[in-house]
Number of protein chains: 2
Amino acid sequence: MRIILASKSPRRKEILETLGICFEIITADTDEHSDQTDPALLVEQLAMQKAQDVQDLLDAQDQLEPNTLIIASDTVVALNGEILGKPHDREDARRMISGLQNTTHHVLSGIAFCYIDAQGNRKGAYTHASTAVHFGPMSDADVELYVNSDEPYDKAGAYAIQGLAGRWITGIEGDYFNVVGLPVNIMCELAKNAFGIDLLRV
Amino acid sequence: MRIILASKSPRRKEILETLGICFEIITADTDEHSDQTDPALLVEQLAMQKAQDVQDLLDAQDQLEPNTLIIASDTVVALNGEILGKPHDREDARRMISGLQNTTHHVLSGIAFCYIDAQGNRKGAYTHASTAVHFGPMSDADVELYVNSDEPYDKAGAYAIQGLAGRWITGIEGDYFNVVGLPVNIMCELAKNAFGIDLLRV
């Protein structure tokens, strides 16, 4: 089976490697703009779009063969139902991290597959995972220290759980890998349930 | 301030580095044998012992100076109150991972400081964190695949959350960093509350 990860994220690559899965990386330029305001629907739709764009790319190059599985994922941070993007500037980063401190938000990841089975049939499947993340209080000085670091920029919600913000994260509830960007457990379960594929044995 | 991490663990080193803390690593040969059966008391005692052993080592070398903070940690896996050590062999690994699948266990980390303040006074502080880890079901074939990998050996409880076992971990409740081996949030809070030290600004 040919397995393709439709993501340039080094963290997603690292997680798949940890599982001992042999895969290659192929990405397409997916338009990530969407009017969808429901975070769960948004991550499922964008993940599916990313997988389908890679499928279309291979198809156009006449390189889409049977026994191919394309894996894509999309992750957002949601606070009180509002989706947080990447901060535009320092003031935006300050606003975001100030909004996250001393409260609970959710990180949602969609996972989507495009699968071309042994007979050449094209199938799709997707789902999402949501993890609650609890931030403790940050003083004004903490917020300043944080926005003066490199951490908040180029990250949705202005933080990464494995970075400096971990200082203020008091706990999470749910899949840790989901927060990093690839929900391993539901990914493997979905492949098994939708297509009978055991990702650890392909 | 001189900060010393009393641990050889690459993961603990990596976590402290992520926080931007400048530190050096000095370890002593701490006797980790204990009759303590309570996991929370055990990790606190062993963490404190590790910190004190490094303090004694520096003291014996006449290198223990004011403004020194020694940080130590100890992590165990507990299932139904029983502390799981490292598996002795394949059969032991099979028994451990079979016991963890389809249930919830706890990972406990103790964190301990030895602090020599500006006046040369010696102070100590310790605490612990506990995180619940939920494993989904594993088939017999999953267990075989797992014990035939390198993963279970040399790891307490026969797994590491950031490794292959992540495939079957459905979620956690509590501090993720605690499961990796260094509970960042309570470490920083303890330094602040016990000694007035802000670890991000030393």
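Residues numbered from 1 in each chain as written. Chains lettered and ligands numbered in written order. Predicted model: local features only at pLDDT ≥ 70, side-chain atom pairs only at ≥ 80, totals over all residues. Heavy atoms only, no water.

> Can you explain the packing of aromatic side chains? Please cite residues and give values.
Enumeration over the complete set of coordinates arrives at 11 aromatic pairs over all chains. Each ring, one from Phe135 of chain A and one from Tyr159 of chain A, has its centre 5.4 Å from the other, and the planes form 85°; the classification is edge-to-face. You can see Phe135 of chain A sitting in strand E6 (residues 122–135) and its partner Tyr159 of chain A sitting in the loop between helix H4 (140–147) and strand E7 (169–174), a full 24 residues away along the chain. Across the pair, exposure class does not vary: Phe135 of chain A and Tyr159 of chain A are buried alike. The interplanar angle of 65° and the centroid separation of 5.8 Å between the aromatic rings of Tyr176 of chain B and Phe177 of chain B together place this pair among those described as edge-to-face. Here the two residues Tyr176 of chain B and Phe177 of chain B agree in accessibility, since each one is buried. Counting every residue linked through ring pairs, the aromatic cluster contains Tyr176 and Phe177 of chain A together with Tyr176 and Phe177 of chain B. (Phe/Tyr/Trp six-rings, centres within 6.5 Å; stacked < 30°, edge-to-face > 60°. Helix = DSSP H or I, 4+ residues; strand = E, 2+ residues; numbered from the N terminus. Buried < 20%, exposed > 50% of the residue type's maximum accessible area, 1.4 Å probe, protein only.)

> Run through the interface of chain B and chain A, naming residues and quoting values.
Taken together, the contacts link 29 residues of chain B with 29 residues of chain A. Across the chain B/chain A interface, buried area totals approximately 2500 Å², and carbon plus sulfur atoms make up 57% of it. Contact with chain A buries surface across chain B, with Arg167, Asn185 and Arg201 of chain B losing the most and accounting together for 25% of the total. Inspection of the chain B/chain A interface yields 4 salt bridges. Here Asp142 of chain A makes a salt bridge to Arg201 of chain B, at a shortest N to O gap of 3.4 Å. Taken together, chain B and chain A are joined by 10 residue pairs in polar contact (both at pLDDT 80 or more). (Contact = heavy atoms within 4.5 Å. Buried area = accessible area lost by both parts, 1.4 Å probe. Salt bridge = Lys/Arg side-chain N within 4 Å of Asp/Glu carboxyl O. Polar contact = N/O pair within 3.5 Å; in protein donor to acceptor, adjacent residues only side chain to side chain.)

> Tell me about the relation of the copies chain B and chain A, and name the residues and values.
Mapping chain B onto chain A leaves a residual RMSD of 0.0 Å; the transformation is a rotation of 180° accompanied by 0.0 Å of translation along its axis. Taken together, the rotation and translation describe the operation of a two-fold axis. Closest approach to the rotation axis within chain B is made by the C-alpha atom of Glu173 of chain B, at a distance of 2.2 Å. (Least-squares fit on C-alpha atoms with pLDDT ≥ 70 in both.)

> Got a sec to walk through the pairing of E7 of chain A? Specific residues and values, please.
A regular strand places its side chains so that they alternate between the two faces of the sheet. With 4 bridges connecting them, E6 of chain A and E7 of chain A associate as antiparallel partners. Opposite Val133 of chain A, over in E7 of chain A, you have Ile172 of chain A as the bridge partner. In this sheet, strand E7 (residues 169–174) of chain B lies alongside E7 of chain A in antiparallel orientation, the contact comprising 3 bridges. Within the sheet, the bridge partner assigned to Glu173 of chain A lies in E7 of chain B and is Glu173 of chain B. (Pairing = 2+ DSSP bridges.)

> Please provide a residue-by-residue account of empty space enclosed by the protein, values included.
Empty pockets left among the atoms are what a rolling probe the size of a water molecule brings to light. Scanning the model with the defined rule gives 1 cavity of 30 Å³ or more in all. The computed volume of the largest cavity comes to approximately 40 Å³. If you go around the largest cavity, the residues you meet are Gly174, Asp175, Tyr176 and Phe177 of chain A together with Ile161, Ile169, Gly171 and Ile172 of chain B. Contributions of two or more residues to the lining of the largest cavity are made by helix H5 (176–180) of chain A together with E7 of chain B. Counting residues per element, the lining of the largest cavity draws most heavily on E7 of chain B, which supplies 3 residues. Considering only residue class, the lining of the largest cavity consists of 5 nonpolar, 2 polar and 1 charged. (1 Å grid on protein atoms, 1.4 Å probe; cavity = no way out; pocket = protein on both sides within 12 Å on 5 of 7 lines; lining within 4 Å. Points joined across faces, edges and corners; volume = space filled by probe spheres on them. Nonpolar A, V, L, I, M, F, W, Y, C, P; charged D, E, K, R; others polar.)

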